[in-house]
Amino acid sequence: MANSEVLGFEEYVRTRQEALLRSARRLVQDPIEAQDLLQTALVRTYGRWDGIADKSLADAYLRRVMINTRTEWWRARKLDEVPTEQLPDASVDDGSEQRANRALLIDVLGVLAPKQRSVVVLRHWEQMSTEETAAALGMSTGTVKSTLHRALARLRQELESRELDAQTKERSDRMDRGQPQCAA
């Protein structure tokens with residue numbers, strides 16, 4: 001391959017790398033696997049770069065190489081099935097625990113002042129940065145940090161209090177039923 005063709009390929013990769021990586025991300029979910037897919041496609045394309053007469057079609061060529069490579073990987077995957085004489089117990093996650101945790105979270109957020117609640121929701125639920133939260137709420141980043149610190153301390157205190165209340169209630173219920181208490 002001539003030196004100018006190598007430079008042509010390198011220049012193409014430099015200018016189109018982000019768009020090609022986005023294409024790879026659409027083909028596979030894992031970002032690391034998408035990078036591997038793109039690198040494999042680039043290696044395969046490099047060997048045939050001089051055969052692509054119309055370089056404006058290079059994106060389409062590379063996408064086809066990525067699709068074919070992904071298909072090869074899928075066909076060659078190792079199945080994680082192992083024959084056994086006894087089937088394992090099937091457990092079904094019905095989502096009730098996640099709904100209970102969400103209901104508890106919403107209930108506990110109710111003990112916070114509105115400003116604290118807003119900061120916690122924007123920072124942790126919406127995953128905004130400190131600066132984005134400050135801009136959204138019209139306050140300084142220092143105020144966001146101190147408000148968040150106090151709010152999280154209040155949430156921890158509330159959760160500990162509720163846990164202690166639940167343990168006390170459980171002991172009381174056991175005593176009412178005449179069951180011995182366990183050391184906690």
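Residues numbered from 1 in each chain as written. Predicted model: local features only at pLDDT ≥ 70, side-chain atom pairs only at ≥ 80, totals over all residues. Heavy atoms only, no water.

A. View of a nonpolar patch on the surface. A contiguous nonpolar surface patch, about 290 Å² in accessible area, is contributed by Leu105, Ile106 and Trp125. Mapped onto the fold, Ile106 is located in helix α4 (residues 96-109). (Patch = residues over 30% accessible without salt bridge, like charges linked within 9 Å, V, L, I, M, F, W, Y side chains within 5 Å. Areas by Shrake-Rupley, 256 points an atom, 1.4 Å probe, with all protein chains shown as cover. Salt bridge = Lys/Arg side-chain N within 4 Å of Asp/Glu carboxyl O. Helix = DSSP H or I, 4+ residues; strand = E, 2+ residues; numbered from the N terminus.)

B. Spatial organisation of the packing of helix α5 (residues 114-125) against helix α6 (residues 130-137). Following both chains from N to C, one finds α5 and α6 inclined at 140 degrees, their axes separated by 9 Å at the closest point. Here α5 lies oblique to α6, going by the angle between them. For the pair α5 and α6, the sense of crossing is right-handed. Each of Ser118, Val119, Leu122 and Arg123 in α5 lies in contact with α6, whose residues at this interface are Thr130, Thr133, Ala136 and Leu137. Split by residue class, the contact of α5 with α6 holds four nonpolar, three polar and one charged. (Axes fitted to C-alpha atoms, helices over the stretch in contact; angles between N-to-C directions. Parallel < 35°, antiparallel > 145°, perpendicular 65-115°, else oblique. Left-handed = near helix turned anticlockwise from the far one by under 90°. Contact = heavy atoms within 4.5 Å. Nonpolar A, V, L, I, M, F, W, Y, C, P; charged D, E, K, R; others polar.)

C. Up close: the pattern of salt bridges. As enumerated under the stated definition, the model contains six salt bridges in all. With a shortest N-O distance of 3.1 Å, Arg44 and Glu72 are connected by a salt bridge. Taken together, the residues span a long stretch of sequence, with Arg44 in helix α2 (residues 31-46) and Glu72 in helix α3 (residues 58-76) at a distance of 28 residues. Bridged by salt links that share partners, the residues Asp107, Arg154, Glu158 and Arg162 form one connected network.

D. Summary view of the nonpolar core. Counting residues in hydrophobic clusters, the biggest one holds 17 residues, and the most contacted among them are Tyr12 and Leu42. Look past the residues within four positions of Leu42 in its chain and what remains in contact with it is Phe9, Val13, Leu20 and Leu62. Among the nonpolar cores identified, the runner-up in size contains 11 residues, and Leu109, Leu112, Val119 and Val120 belong to it. (Core = buried A, V, L, I, M, F, W, Y, C linked by side-chain atoms within 4.5 Å. Buried < 20%, exposed > 50% of the residue type's maximum accessible area, 1.4 Å probe, protein only.)

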